[in-house]
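Residue strings, one per chain:
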Amino acid sequence: MTRTTRQWQAADAAHHLHPFTDFKSLAERGSRIIVRGDNIYLWDSEGHRILDGMSGLWCVNVGYGRKELVQAATHQLETLPFYNSFFQTTTQPAIELAELLAEVTPPQFNHVFFSGSGSEGNDTVVRLVRRYWDLMGQPERQIIISRHNAYHGSTMAGASLGGMWGMHEQGGLPIPGIAHIEQPFWFDHGQGYTRDEFGLMAARWLEDKIQALGPDKVAAFIGEPVQGAGGVIVPPATYWPEVQRICDRHGILLVSDEVICGFGRTGNWFGCETFGFRPDLMTFAKGVTSGYIPLGGVMVGERIARVMIDQGGEFQHGYTYSGHPVGCAVGIANIRLLQREGIVERVRDELGPHLAWHFGELADHPLVGEVQTCGMMGALHLVRDKATDERFPSRHEVGMVCRAHCFANGLVMRAVGDRMIVAPPLVMTIDQLDEMGALIRRCLDLTLGDLQGRGWL
Ligand code: PXG
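Residues numbered from 1 in each chain as written. Predicted model: local features only at pLDDT ≥ 70, side-chain atom pairs only at ≥ 80, totals over all residues. Heavy atoms only, no water.

Visitor: Give a detailed account of the layout of surface pockets, specifying residues and quantitative values.
Guide: Considered as a void within the structure, the second largest pocket measures approximately 900 Å³ in volume. Along its surface, the second largest pocket is lined by 28 residues, and Ser85, Val112, Phe113, Phe315 and His317 are the ones closest to its centre. Elements supplying a minimum of two residues to the lining of the second largest pocket: α5 (92–104), β4 (109–115), α6 (118–135) and α13 (302–311). It is β4 that provides the largest number of residues to the lining of the second largest pocket, a total of 4 residues. Class assignment for the residues of the lining of the second largest pocket results in 14 nonpolar, 12 polar and 2 charged. (1 Å grid on protein atoms, 1.4 Å probe; cavity = no way out; pocket = protein on both sides within 12 Å on 5 of 7 lines; lining within 4 Å. Points joined across faces, edges and corners; volume = space filled by probe spheres on them. Helix = DSSP H or I, 4+ residues; strand = E, 2+ residues; numbered from the N terminus. Nonpolar A, V, L, I, M, F, W, Y, C, P; charged D, E, K, R; others polar.)

So this is what it looks like as structure tokens:
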């Protein structure tokens, strides 16, 4: 390395606008520069080793430094770095990945439309859903219902589908024809009910919304099986089956955004399998290549594919990088790796239950009000008073205090408000999970002492 950390930070501040960042305050503080990754660990430019409890950004599921993925990319770059899938051409990796995706996804999926990211995938969802209803002779079915605190990306359509009000405020969103209902977040909205009762209640908010809008105006419902960016909100077991029944009753399309949940994160190949529902469309990205290279797409179920193929004519939509051969080559290698090493089954049978055990132990910590896990993702909700679940005032930014202790102690853990979340690589050993559990407890203890010192408890 030819530059010091300070020099890298100065160049970064001078020229680089980071996503979801207050540019001025970051420039004052300086970015952390990550220089290397191996297995589940990262190293920064100061030489600190950090356990990556977030798999990069919910994506490096097979860990860093997997030679198979590097070789697949290198081979494809040397053979054919790019060709498009427009104008009646395509490439071998795009065909082979499409075939493989049809194999690993639920049986209703035999076709894929590729994009470059999850956000683009959800733009494609909006186009597909509306095109489908046009072709069905019901063009008045325009509205897509989503949920508060959902995350579906950052493009105009993705951010509109998402339920992050801060994003809507910047740029006049949502676009027309998007509606939102409350999220199935028991800890905030369901206390006083059992989780199962609350799951049914939350699903029936969808029924209420459909009735309010008019069932013949509603095109689709979209949701993440488990809300990721919203704070690892795991819905009650009763929620998704009831959502499925409601969509079926009104003929409404069901869309599962699997950008985070897909490819093993929840202990099955896809989150819809873990929660027992049968989507018509499924958005994916991130874990399809374990984040080694950008790739996304939408699985298109038979119900929609048949209409689009048999009666659709030209679908006027697509991206330069739809089916990018290098992305697809890495996707193939990544899925083969997941299959060969039985990674999804290991999450279901071994790693997920062990993470759940660790989080169960952490539930007795004085700062922890609620604990939730699903497969290899988990959340700890920090509260001021454990007995009453009283929250901290938001101005204290307790999550950020905890996150700073995590970083200082060599652990990446994300804070969503006062909810601390992890989504570690799916290839951890039990020892590494124990190491992470011990680190989390230490950081919670340090946070507790810190908050006492500030007089916030
Ligand atoms: N859908 C879901 C469910 C996501 O989690 C996207 C769509 C958009 O994917 P792209 O590839 O366009 O980013 C995502 C992305 C966070 C965080 O803070 C989460 C995401 C992205 C950035 C930050 O947890 N998820």
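Further notes follow.
Visitor: How would you explain helix α16 (residues 398–408) if you had to name every residue and give the values?
Guide: Among the residues of α16, Val398, Gly399, Val401, Cys402, His405, Cys406 and Phe407 are the ones counted as buried. Looking at the buried positions of α16, the neighbouring elements they touch are β3 (49–52), β12 (377–382), β13 (411–412), β14 (414–416), β15 (419–422) and α17 (430–454). (Buried < 20%, exposed > 50% of the residue type's maximum accessible area, 1.4 Å probe, protein only. Contact = heavy atoms within 4.5 Å.)

Visitor: I'd like a rundown of unusual backbone geometry, residues and numbers included.
Guide: Leave glycine aside and you will find that most residues have negative phi; peptide bonds, for their part, are mostly trans. Leucine 173 connects to proline 174 through a cis peptide bond whose omega is 0 degrees. Inspection of the secondary structure puts proline 174 in the loop between α8 (165–169) and β6 (178–181). Of note in this structure, serine 55 is not a glycine but carries a positive phi near 50 degrees. Classification of serine 55 as buried rests on a relative accessible area of 0%. If you check the backbone angles, tryptophan 58 has positive phi at about 65 degrees while not being a glycine. Structurally, tryptophan 58 is set in helix α3 (residues 55–58).

Visitor: So, the site of the ligand: which residues are in play, and what are the values?
Guide: Surrounding the ligand, one finds 16 residues, the nearest of these being Trp58, Gly118, Ser119, Asp257 and Arg414. Between an oxygen atom of the ligand and a side-chain N or O atom of tryptophan 58, the distance comes to 2.8 Å. Here an oxygen atom of the ligand and a side-chain polar atom of serine 119 are 2.5 Å apart. Out of a free accessible area of 540 Å², the ligand has 84% covered by protein chains. Of all the secondary-structure elements, those providing two or more residues to the shell around the ligand are α3 and α6. It is α6 that contributes the most residues to the shell around the ligand, 3 residues altogether. Shared between two domains, the shell around the ligand holds at least three residues of each, these being domain 1 (32–65 + 342–454) and domain 2 (68–340). (Near = heavy atom within 4 Å. Polar contact = N/O pair within 3.5 Å; in protein donor to acceptor, adjacent residues only side chain to side chain. Areas by Shrake-Rupley, 256 points an atom, 1.4 Å probe, with all protein chains shown as cover. Domains from an automatic or database assignment.)

Visitor: Describe the sheet that holds strand β2 (residues 41–44), with residues and values.
Guide: Strand order in this open sheet of 4 strands is β1-β2-β3-β13, and the pairing throughout is mixed. For this open sheet the edge positions go to β1 (34–38) and β13, each flanked by a neighbour on one side alone. Sheet topology places β1 next to β2; 4 bridges connect them, and they run antiparallel. For arginine 36, the partnering residue across the bridge sits in β2 and is tryptophan 43. Packing of α17 onto the sheet brings it into contact with β2, β3 and β13, and relative to β3 it is tilted by some 105 degrees. (Pairing = 2+ DSSP bridges. Axes fitted to C-alpha atoms, helices over the stretch in contact; angles between N-to-C directions.)

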